[in-house]
Amino acid sequence: MNVLVLGAGQLARMMALAGAPLDLNVTAFDVTSGNMIHPVTQTILGKGLESGIEHADVITAEFEHISPDVLALCEDSGKFFPGENAILIGGDRRKEKALLDNAGVKNARYHIINTSEDLDSAIKKLGFPMILKSALDGYDGKGQWRLKRQEEVTSTWNEINAFLQHSPQGKRQCIIAEEFISFDREVSLIGARNAKGEFEIYSLTENIHHEGILRLSICATENEALQNQAEVMFKVIAENLNYVGILAIEFFEVNGALMVNEIAPRVHNSGHWTQQGAEVCQFENHLRAICGLPLGSAKQIRPSAMINIVGDVKISEHIMRLAHVHWYNKSPRPGRKIGHITVCEKTTEQLIETFEAIIPLLEKEQFPALHGIKIREHLTLKKKDEHP
Ligand code: AMP
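Cut-off values and rules
- Residues numbered from 1 in each chain as written.
- Predicted model: local features only at pLDDT ≥ 70, side-chain atom pairs only at ≥ 80, totals over all residues.
- Heavy atoms only, no water.
- 1 Å grid on protein atoms, 1.4 Å probe; cavity = no way out; pocket = protein on both sides within 12 Å on 5 of 7 lines; lining within 4 Å.
- Points joined across faces, edges and corners; volume = space filled by probe spheres on them.
- Nonpolar A, V, L, I, M, F, W, Y, C, P; charged D, E, K, R; others polar.
- Pairing = 2+ DSSP bridges.
- Helix = DSSP H or I, 4+ residues; strand = E, 2+ residues; numbered from the N terminus.
- Axes fitted to C-alpha atoms, helices over the stretch in contact; angles between N-to-C directions.
- Contact = heavy atoms within 4.5 Å.
- Domains from an automatic or database assignment.

Space inside the second largest pocket adds up to approximately 210 Å³. Around the second largest pocket sit N114, T115, W157, N161, L164, Q165, G170, K171 and Q173, which together line it. Along the lines of polarity and charge, the residues of the lining of the second largest pocket split into two nonpolar, six polar and one charged.

Below, the discussion takes up the sheet that holds strand 7 (residues 130–134). The strand order across the open sheet formed by four strands is 6-9-7-8, and the pairing between neighbours is antiparallel. Looking along the sheet, the strands with just one partner apiece sit at the ends: strand 6 (110–113) and strand 8 (144–147). Within the sheet, the average angular offset between the axes of one strand and its neighbour, ignoring direction, is 25 degrees. Bridge analysis of strand 7 against strand 9 (residues 175–179) gives five bridges, and the strand direction is antiparallel. When the sheet's bridge partners are listed, I131 is paired in strand 9 with E178. Where helix 5 (residues 93–102) meets the sheet, its contacts fall on strand 6, strand 7, strand 8 and strand 9, and the angle it forms with strand 6 comes to roughly 150 degrees. Helix 7 (residues 153–165) rests against strand 6, strand 7, strand 8 and strand 9 of the sheet, and its axis sits at about 165 degrees to strand 8.

Per the domain assignment, the segments making up the chain are domain 1 (2–80), domain 2 (109–179) and domain 3 (185–379). Computed over C-alpha atoms only, the centres of domain 1 and domain 2 are separated by 33 Å.

This part takes up the sheet that holds strand 1 (residues 2–6). In a beta sheet, neighbouring strands pair by backbone hydrogen bonds and run either parallel or antiparallel. One open sheet accounts for five strands, arranged 4-3-2-1-5; its pairing is mixed. Whereas interior strands pair on both sides, the edge strands pair on one side only; in this sheet they are strand 4 (44–47) and strand 5 (58–61). Sheet twist, expressed as the mean angle between neighbouring strand axes with direction ignored, is 30 degrees. The sheet contact formed by strand 1 and strand 5 spans four bridges and is parallel. Within strand 5, the position partnered with V3 by the bridge is V58. Contacts between helix 1 (residues 10–19) and the sheet are confined to strand 1, strand 2 (25–30) and strand 5, with strand 2 contributing the most and set at about 170 degrees to the helix.

Printed below as a string of structure tokens:
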């Protein structure tokens, strides 16, 4: 089968690698250049989305920020999963919030901002501090502001107003003000749903960010109560969207209760540990779901962690003896994810040991969130008082 992926980055690459044993031939469409690309070698295969669509049996996407024209063209082919609607919702925080509210899923209170009067209303409704996020094109912490006190209102509005005036999205762009959530932890749930409505859901993963970029995901010990809460919300959202493929949901945990931060209608960085830590990884399960093949087991086979490689970083051979290294064939730039490391061990204690052996081998400046981390406190999804 031929699978066309909108987007030619690392997620398309890892889909291609996972699809090869199933004879799934993955090509990618680079939405920026308009080129068809081989997702592993990055060879240009030619121009033209139309012929790419024609040759594809199935179409999917590796990110949400795709022009509505391209999405409409793919949707018209009848081959697009999870489809135009899910991608549009994932790429627009306004639509995402409306979906969560309609589905009755808990999320941070918010207010939509187009003018300075709207910002005043948001302050009355939500108070300080608040987070302001661009509705479109927001990822890895881009297009975000924190407003802590009244004295910052004018300068923040000036910045936001300039951002809105210069937005390539024009009038479609706006800002969502969100109440600040004092969360205990950030976690995410990744799962697959197929066209028959069957699910395979992975274990809840804890995520640690630095400067808006995911640095570390840990999937070690399980908290049944949290897992169940997350799965209930996951199923409500996936069914609401009549979703086919892998869906990722990011949550805040506050006093043992989850609320949704955002959804990603695609394979997700916090699910990369499944490559070595689960029976069937998220990339293969996404392909299985969209190609109408049986879903594979999402069962976790061993405690796992995933470290993102961000910027111009070299990884020593010693690390390769301890863990799996995945490169993305990308030239390094500050803040750019160019690879990741998966660390997996038979037991949680062994995972801690290996993780603690790896940290000193990573440069402090290049892995800012990892040095000084108390890994035991993060091998959680246990309640706080249950730490070993
Ligand atoms: P997002 O792009 O929405 O995932 O936001 C990036 C990061 O900002 C999240 O991973 C959180 O660490 C933080 N964040 C986002 N929204 C909120 C919120 N409402 N309250 C507190 N922190 C937030």
